[in-house]
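# Close look at the chain arrangement
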Amino acid sequence: MALTEAEVLAGLAELVNDETGISADAVQMDKSFTDDLDIDSISMMTIVVNAEDKFGVKIPDEEVKNLITVADAVNFISSNQG
Amino acid sequence: MRRVVITGLGATTPLGGDVASSWEALLQGKSGISTLEQDWVAKYELPVTFAGQAKVSADAILTPQEQKRLDPSSQFALISARQAWLDAGEPEVEPERLGVDFATGIGGVWTLLDAFETLKERGPRRVLPMTVPMLMPNGPAAAIGMALGARAGVRTAVSACASGNEAIANGYHRILSGEADVIIAGGAEAAIHPLPIAAFAAMHALSKRNDEPERASRPYDTDRDGFVMGEGAGSVVMETLESAQARGAQIYCEIVGSSVTSDAYHITAPDPEGAGAARAMISALEMAGVSISDVEHVNAHATSTPVGDIAEYTALKRVFGSHTEELIVSATKASTGHLLGGAGAVEAIFTILALKHQLAPGTINLENQDSEIPLNVPAKPHALSRKDAVAISNSFGFGGHNAVLAFRNI
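Bear in mind that the values here come from a model prediction, so they are computed numbers and not experimental data. (Residues numbered from 1 in each chain as written. Chains lettered and ligands numbered in written order. Predicted model: local features only at pLDDT ≥ 70, side-chain atom pairs only at ≥ 80, totals over all residues.)

All names here are of chain B. Assigned domains of chain B: these are domain 1 (4–246) and domain 2 (256–408). A C-alpha centroid distance of 20 Å is found between domain 1 and domain 2. Class assignment for the residues of the side of domain 1 that touches domain 2 results in 30 nonpolar, 21 polar and 9 charged. (Domains from an automatic or database assignment. Nonpolar A, V, L, I, M, F, W, Y, C, P; charged D, E, K, R; others polar.)

As structure tokens, then:
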């Protein structure tokens, strides 16, 4: 069964916290990964790899550059869950 | 000429999670060696089932993010460097005048081999992006440089078991030459992994005293049968005497000489004549401007291998002649095991503390001293008599590397 948007957000926030130490509460839909959360490219790639595992989705490299905000990522994951 | 002093020490070793507890355990004659409980020991049927694991796990100290982004060797390096920096009173120095000279013998072997497992089992997509920066041998130096804001160059010495001494020698020379004013130097290793254990065992370098791990590392003893792997790190803060005095810093001692030579003899066997090792000791003492009779204490390389211990004795005899028997020798690997790229740094710290406390640590497990090695190696801590004593610390490595440091009380 597909996860709700809120569940995807919570799971993603957990991955961000795990990788960077940023509080999960700070990971909100309107936040930009680089500008607001200050996540560097290596951490971003690590989060992507871990998100693929966690949510059972494939996030192609060319898609990663379109994931500017947390909402972009949550939407992509929600609409591509297997 | 600039004079260079030691103003900070940090360590995490099989004997303790910091310098004070490691030194205390060493003086008490404790062993940091124990049976490995990890399931991979039985899984791979390793011929050696013990080692000197760090007494305090890095997990207990570093943040989860630091652990995730640093190979265990860099984790130990960072822990020891932060301790040394605090111990030195966090000197105020321009970042452009602060450098790092750090060492590892093997590098990020855990990261490398874990990543290869991931590649084999789950494919390239699952190999983490931090893999290369974590496995590279300059990782420990870079981690310290980032943490302390060092911009005068962050360099790495890689010369197997001589690495730690070579890094300290390099840092010392950088202050002498005026390239930097303060240097954090040392070495780290975290290679207690099934592959290095299997590989060192394959060359018959390791002790196989599986039933008595605490008694396995026994330099100079007739029953020594190889070295015991250890892990951890040591760091020292070095600066000019002038700057240490100006800021009223504690001064442990002065580093008065160093030398790095090479055997060009055999990739792993020491030159049985000890010529290269002897040259390193002689040039370190010449640089210090002291005579051999000024040397009272030696922290020997003494890994507990049958040939290595004799070769070092031969080298000592070449250098010190009849003064050899006057030397108070400590073989501290008997307690710590062999920290490979971290060994020189940890032993430099023990040498520095021996001068500070005028007390040479005892050497455990020396029950029947090899008659071919008639050195004075006290079992218990032994007082040093001269306040202005000079002490040297030797480290030698596969590849024919010889690195010697000389220290003197101020």
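All right, on to unusual backbone geometry then. Residues and elements named next belong to chain B. For His204, which is not a glycine, the phi torsion comes out positive at approximately 60°. Mapping His204 onto the fold places it in the loop between α9 (194–202) and β7 (232–240). When the 12 C-beta atoms within 10 Å are taken as the criterion, His204 is described as exposed. (Helix = DSSP H or I, 4+ residues; strand = E, 2+ residues; numbered from the N terminus. Buried ≥ 20, exposed ≤ 12 C-beta atoms within 10 Å, placed from the backbone.)

Residue and element names in this part refer to chain B. Reading across the sheet, the 10 strands line up as β5-β4-β6-β7-β1-β8-β14-β13-β9-β10 and stay open at both edges, with mixed pairing between neighbours. Two strands close off the open sheet at either side, each with one partner strand: β5 (154–157) and β10 (328–330). Direction aside, the axes of adjacent strands within the sheet are offset by 25° on average. Of the strand pairs in this sheet, strand β13 (residues 390–397) and strand β14 (residues 401–408) are connected by 8 bridges, and their pairing is antiparallel. Each residue of the ladder has a partner; that of Ser393, found in β14, is Leu405. Relative to strand β4 (residues 98–104), helix α7 (residues 139–148) is tilted by about 150°, and along the sheet it contacts β4, β5 and β6 (182–189). Contacts between helix α11 (residues 275–288) and the sheet are confined to β8 (253–262), β9 (295–299), β13 and β14, with β8 contributing the most and set at about 145° to the helix. (Pairing = 2+ DSSP bridges. Axes fitted to C-alpha atoms, helices over the stretch in contact; angles between N-to-C directions. Contact = placed C-beta atoms within 7 Å.)

Residues and elements named next belong to chain B. Here helix α12 (residues 306–320) spans 22 Å end to end across 15 residues, near enough to the 21 Å set by a 1.5 Å rise per residue. Burial in α12 covers these residues: Gly308, Asp309, Ala311, Glu312, Tyr313, Ala315, Leu316, Val319 and Phe320. Residues of α12 that are buried make contact with α11, β9 and β13. (Expected span 1.5 Å × (residues − 1).)

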